Amino acid sequence: MPNSGKIGRLSVSVNSFVCSKLGTNEMVIDYRRLPISWVSCKGWARQQLIELSTIFFPASCVACGQDIFKDQSQDNRQTGNDIPLCETCRFEVTDLSPRCGCCGLPRPSDISCSLCRKIAQQLGEEKILWQQIFVLGSYQNRLRESVLAGKRPAGEGLVEALSDLLIEQHPAIRDLKLDAVIPVPMYWRKRWKRGTNSANTMARKIASRLGVPYRCDIKQKILARPQKSVSAKMRPANASAKFSGVGRQLAGKRVLVVDDVATTGATLSAITRCLLEINATVVYAAVLARTDEAIGSEDNR
Ligand SMILES: [Zn+2]
Ligand SMILES: [Zn+2]
């Protein structure tokens, strides 16, 4: 892990204890981090121990806190793997089943996808607007747990590790000739309450891995009604009403939009539309997890 990651995790751990965040000029008082029950206290304490162990013992897994090499023999320890996940955790969050590059849903690799058209209709578009989507895995089991853990400030190291894994699983991302990586934005009040934004952490990590600029050219204007409270017909309009493009610096650029979870895909589609309206040449999407029952499901982020 680069030193900046350790410093980030250290600041996150300190943040949880003294309710402040180092390394930025913002002061975050995150009351949601305070333990309110024994169960949440245990989970909170466990996460702190994992975070602290990864700081003092850099070879610790960011997901379980155990020795990264615990599953390997002494002879195989110098493999050059710089993703701080042990083999067990890597195996449990990895999903190598073939997916459609357009809608991101599972399908046998040798037949064309029959769901793309349905997804586009559900999104209120003639076709899916992003050029291609890269998915780490299905939003279930261990990957779902990891993504949910990543929504807490102490989970930023885990989100970074999963972002690395996403690039490792899809080396084609390196060949996209990207000009910018941008996160799905989060309304400032929600981010303040949460203390972190997984999409932001992902975008910074992926941009730094690829050597591509990180940008925030899409802003969330309003805290729109939750998608699940809106009828399926109104969801695309509800999603796109939230976002607006800032400036025209992305005109003629190749852009990768990243988010931690895609359920219906309405948010990604709304941002892609936004980027195309400010004349981005091509938009790609990348997510850690995709809800495989996207047809007819609700956006429960
Ligand atoms: Zn592990
Ligand atoms: Zn498809």
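Refer to the preceding data block for the structure.
Predicted, not measured: the structure shown is a model, and the values here were computed from it.

From N to C terminus, the protein chain includes 10 helices and 6 strands. The buried share of the protein chain, reckoned over its 301 residues, is 50%. Contacts in the protein chain between residues at least 24 apart in sequence constitute 73% of all its contacts with a sequence separation of at least 6. For the protein chain, the accessible surface area stands at approximately 14,800 Å², while carbon and sulfur atoms represent 54% of it.

Another point: the coordination of the zinc ion (ligand 1). Of the protein atoms, only Cys61 (SG), Cys64 (SG), Cys86 (SG) and Cys89 (SG) coordinate the zinc ion (ligand 1), at distances of 2.2 to 2.3 Å. All donors to the zinc ion (ligand 1) come from one chain, and their sequence spacing reads C-x2-C-x21-C-x2-C. Here Cys64, found in the loop between helix H2 (38-56) and helix H3 (87-93), pairs with Cys89, found in helix H3; they are 25 residues apart in sequence, far enough to count as distant.

Further remarks concern the coordination of the zinc ion (ligand 2). Protein ligation of the zinc ion (ligand 2) involves Cys100 (SG), Cys103 (SG), Cys113 (SG) and Cys116 (SG), the donor distances falling in the range 2.2 to 2.4 Å. Positions of the donor residues of the zinc ion (ligand 2), expressed as sequence spacing, correspond to C-x2-C-x9-C-x2-C. Taken as a pair, Cys103 in the loop between H3 and helix H4 (116-122) and Cys116 in helix H4 lie far apart in primary sequence, 13 residues in all. The exposure classification of Cys103 matches that of Cys116, with both residues buried.

Here we take up the pairing of strand S2 (residues 180-183). Neither face of S2 is left uncovered, since the one carrying Ala180 and Ile182 and the one carrying Val181 and Pro183 both have all their residues buried. In this structure, S2 lies alongside strand S5 (residues 254-262), joined through 4 bridges in parallel fashion. Paired with Pro183 across the two strands is Val258, which belongs to S5.

Bringing helix H8 (residues 198-210) into the picture now. Taking 1.5 Å as the rise per residue, H8 with 13 residues should run 18 Å; its terminal C-alpha atoms sit 18 Å apart, in good agreement. Extensive coverage of H8 is indicated by the burial of 10 of its 13 residues. Buried residues along H8 sit in contact with helix H6 (156-169), S2, helix H7 (188-194), S5 and strand S6 (282-290). You can read the cap of H8 off the contacts: a side-chain oxygen lies 3.1 Å from the backbone nitrogen of Ala199, and it is on Asn197. Just downstream of H8, Gly211 is the residue with a positive phi angle, here 70°.

Here the focus is the nonpolar core. With 41 residues, the main nonpolar core has Leu85, Val181, Ile206, Leu256 and Val258 as its most contacted residues. Secondary-structure elements contributing two or more residues to this core are H3, strand S1 (133-138), helix H5 (141-149), H6, H8, S5 and S6. For this core, the element with the most residues is H6, which contributes 7 residues. When residues of this core are assigned to domains, at least three map to each of domain 1 (3-93) and domain 2 (116-290). The contacts of Leu85, once residues within four sequence positions are left out, are Cys61, Val62, Ala63, Ile68, Arg90, Leu158, Ala161 and Leu165. Within the second largest apolar cluster, 32 residues are counted, among which are Ile218, Phe243, Ala262 and Leu268.

Looking now at the pattern of salt bridges. In total, this model carries 10 salt bridges according to the counting rule given. Across the pair Arg90 and Glu168 runs a salt bridge whose closest N-O atoms are separated by 2.4 Å. In this pair, Arg90 is assigned in helix H3 and Glu168 in helix H6, connecting sequence segments 78 residues apart. Residue classification places Arg90 among the buried positions, given a relative accessible area of 18%. Look at Glu168 and you get partly exposed, because its relative accessible area is 44%.

Summarising the element assignment, Ser198 is placed in helix H8. Since its relative accessible area comes to 4%, Ser198 is described here as buried. In this view, Ser198 contacts Gly150, Lys151, Val159 and Asp260; residues no more than four positions away in its chain are not counted.

Now for the sheet that holds S2. Sheet architecture is open: 4 strands sit in the order S1-S6-S5-S2, paired in parallel fashion. Each edge of the open sheet carries a strand with a single partner, namely S1 and S2. Neighbour-to-neighbour, the strand axes of the sheet open up by a mean angle of 20°, direction not taken into account. Pairing of S1 with S6, which is carried by 5 bridges, proceeds in the parallel orientation.

Arg142, Leu143, Ser146, Val147 and Ala149 are the residues of H5 that are buried. On an axial view of H5, the arc spanned by its buried residues comes to 160°, and they lie on one face. Opposite the packed face of H5, turned more than 90 degrees from it, sit the exposed residues Asn141 and Glu145. Along its buried surface, H5 packs onto H3, S1, H6, S5 and S6.

Reading guide: rules and limits
- Residues take numbers from 1 onward in each chain, read along the sequence in its written order.
- Chains and ligands are labelled sequentially in the order written, the chains with letters from A and the ligands with numbers from 1.
- Given that this is a predicted model, residues contribute local features only at a pLDDT of at least 70 and side-chain atom pairs are listed and counted only at 80 or more, while totals for whole chains, interfaces and linings are drawn from all residues.
- Heavy atoms throughout the structure, all of them, feed into the side-chain values; hydrogens and water do not.
- Put simply, DSSP marks the helices as runs of H or I at least four residues long and the strands as runs of E at least two long, and each gets a number from the N terminus on.
- The buried label goes to any residue with under 20% of its type's maximum accessible area, the exposed label to any with over 50%, and the partly exposed label to all in between, with areas taken from a 1.4 Å probe on protein chains only.
- Residues count as neighbours in contact if any of their non-hydrogen atoms are within 4.5 Å of one another.
- Note on areas: Shrake-Rupley with a 1.4 Å probe; residue coverage comes only from the protein chains shown.
- Because no water is among the atoms considered, metal sites can look incomplete, with donors defined as N, O and S atoms within 2.8 Å of the metal, or 3.2 Å for Na, K and Ca.
- Whether two strands pair depends on DSSP finding at least two bridges between them.
- Residue count minus one, scaled by 1.5 Å, sets the expected span of a helix.
- In protein, a polar contact requires one atom able to donate a hydrogen and another able to accept it; more generally it is a pair of N or O atoms within 3.5 Å, and residues adjacent in sequence count only if both atoms are side-chain atoms.
- Buried Ala, Val, Leu, Ile, Met, Phe, Trp, Tyr and Cys residues form a nonpolar core when they are joined through side-chain atoms within 4.5 Å.
- Domain extents, as shown, originate in an automatic or database domain assignment.
- We count a salt bridge whenever a side-chain nitrogen from Lys or Arg sits within 4 Å of a carboxyl oxygen from Asp or Glu.
- In this description, a line fitted to the C-alpha atoms serves as the axis of each element, helices being fitted only across the stretch in contact, and the angle between N-to-C directions of two axes falls anywhere from 0 to 180 degrees.
- Note that the arc is computed from the directions linking the helix axis to the C-beta atoms.

These figures come from the coordinates and say nothing about function on their own.
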